[in-house]
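Now for the letters of each chain:
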Amino acid sequence: MAEDEVVDPKKYLEESCNPKCVKPLLEYQACVKRIQGDDSGQKHCTGQYFDYWHCIDKCVAPKLFTKLK
């Protein structure tokens, strides 16, 4: 008897939350484009990156915890 493979619902839920987090994603992408030519290594988009993932996590968390056993 083969065991059912466990599927992590988090990736699916993150994808379903993308439409709700378009603004932070666009801000992050604009930042990345803006600093592409920086050779000094001083510029970064850490703030925009974390803003985007905060939005995704805030959307995913309530849905994810209802699926945990």
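Residues numbered from 1 in each chain as written. Predicted model: local features only at pLDDT ≥ 70, side-chain atom pairs only at ≥ 80, totals over all residues. Heavy atoms only, no water.

With that settled, consider the environment of Lys23. Secondary-structure assignment places Lys23 in helix H2 (residues 22–35). Residue classification places Lys23 among the exposed residues on the basis of a relative accessible area of 61%. Along the primary structure Lys23 and Cys55 are separated by 32 residues, whereas in three dimensions their C-alpha atoms are 9.7 Å apart. (Helix = DSSP H or I, 4+ residues; strand = E, 2+ residues; numbered from the N terminus. Buried < 20%, exposed > 50% of the residue type's maximum accessible area, 1.4 Å probe, protein only.)

Enumeration over the complete set of coordinates arrives at three disulfides. Paired through a disulfide, Cys17 and Cys59 show a sulfur-sulfur distance of 2.0 Å. Of note, the bridge from Cys17 to Cys59 carries an S-S torsion of about -75 degrees and is left-handed in sense. Taken together, the positions of Cys17 in helix H1 (residues 9–17) and Cys59 in helix H3 (residues 46–67) put the pair 42 residues apart, joining distant regions of the chain. Here the two residues Cys17 and Cys59 agree in accessibility, since each one is buried. Each disulfide in the chain links cysteines that, numbered along the sequence, combine into the pattern 1-6, 2-5, 3-4. (Disulfide = S-S within 2.5 Å.)

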